[in-house]
Amino acid sequence: MRNSSACTGFNTTLAEDVERFRFLHSLPGAYVFVQEYQPIPGGPAADLGNFFDDSADRLIDELVGICFTQNMKSMEKYYRWLSKRYVQAFGRLHLGLVDTIFRYNQRDRKGRYIQTLAGTLRNGLKD
């Protein structure tokens, strides 16, 4: 089994993230660990100004179709991070992404998640 990590939230695009996950999925027995970029004091800030492009919906649909047999909890954290960024950029939820987040875990919280994200648009989206 190979350990593979993917750092997100620094200066990549959604297209680059999806390509990275596609590659990691192609590795036999890859164990994927996703972590969000956390700047160190004095380090460079994240630059996500070009994270989404016109193909965001298609790319997210492709992304949620990539299934890893190991460590889906790590991917779920990425999906939640991505969902927040999507709401910030487009002012709406990507329902396929939300369905994927709650496919196996905490199904009873899906409605609250939708209400909270939708409600944050009126009150200013917070991380």
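Scroll up to find the structure.
My aim in this report is to walk through the structure given alongside it, one point at a time. Computed from a prediction, not measured in an experiment: that's the story for all the values here.

Points about the packing of aromatic side chains
Link 1 in the chain: By the definition in use, this model includes eight aromatic pairs.
Link 2 in the chain: When the centroid spacing of 5.3 Å and the interplanar angle of 70 degrees are considered together, the rings of Phe52 and Phe90 count as edge-to-face. Highlighted residues: Phe52 in the loop between β2 (30-36) and α2 (56-64) and Phe90 in helix α3 (residues 72-90), separated in sequence by 38 residues.
Link 3 in the chain: The structure contains a cluster of three or more aromatic residues connected by ring pairs, namely Phe21, Phe51, Phe52, Tyr78, Trp81, Tyr86 and Phe90.

A few points about the environment of Ala56
Link 1 in the chain: Examined against the element boundaries, Ala56 turns out to sit in helix α2.
Link 2 in the chain: For the pair Ala56 and Thr13, spaced 43 residues apart in sequence, the C-alpha to C-alpha distance is 9.8 Å.
Link 3 in the chain: When neighbours within four sequence positions are excluded, Ala56 is seen to be in contact with Leu14 and Phe90.

Focus on the environment of Gln35
Link 1 in the chain: With respect to the helices, strands and loops of the structure, Gln35 is situated in strand β2.
Link 2 in the chain: Residues Gln35 and Lys77, spaced 42 residues apart in sequence, show a C-alpha to C-alpha distance of 8.4 Å.

Brief notes about α3
Link 1 in the chain: When the terminal C-alpha atoms of α3 are compared, their 26 Å separation across 19 residues agrees well with the 27 Å that a helix rising 1.5 Å per residue should span.
Link 2 in the chain: Here α3 has its buried residues at Ser74, Met75, Glu76, Tyr78, Tyr79, Trp81, Leu82, Ser83, Arg85, Tyr86 and Val87.

Considering helix α1 (residues 14-26)
Link 1 in the chain: A rise of 1.5 Å per residue sets the reference length of α1, with its 13 residues, at 18 Å; its end C-alpha atoms lie 18 Å apart and thus fit the reference within 8%.
Link 2 in the chain: Listed as buried for α1 are Leu14, Asp17, Val18, Phe21 and Leu24. Angular distribution of buried residues about the axis of α1 spans 125 degrees; they occupy a single face of the element.

Each value, and the rule that gives it
- Residues numbered from 1 in each chain as written.
- Predicted model: local features only at pLDDT ≥ 70, side-chain atom pairs only at ≥ 80, totals over all residues.
- Heavy atoms only, no water.
- Phe/Tyr/Trp six-rings, centres within 6.5 Å; stacked < 30°, edge-to-face > 60°.
- Helix = DSSP H or I, 4+ residues; strand = E, 2+ residues; numbered from the N terminus.
- Contact = heavy atoms within 4.5 Å.
- Expected span 1.5 Å × (residues − 1).
- Buried < 20%, exposed > 50% of the residue type's maximum accessible area, 1.4 Å probe, protein only.
- Arc of directions from axis to C-beta.

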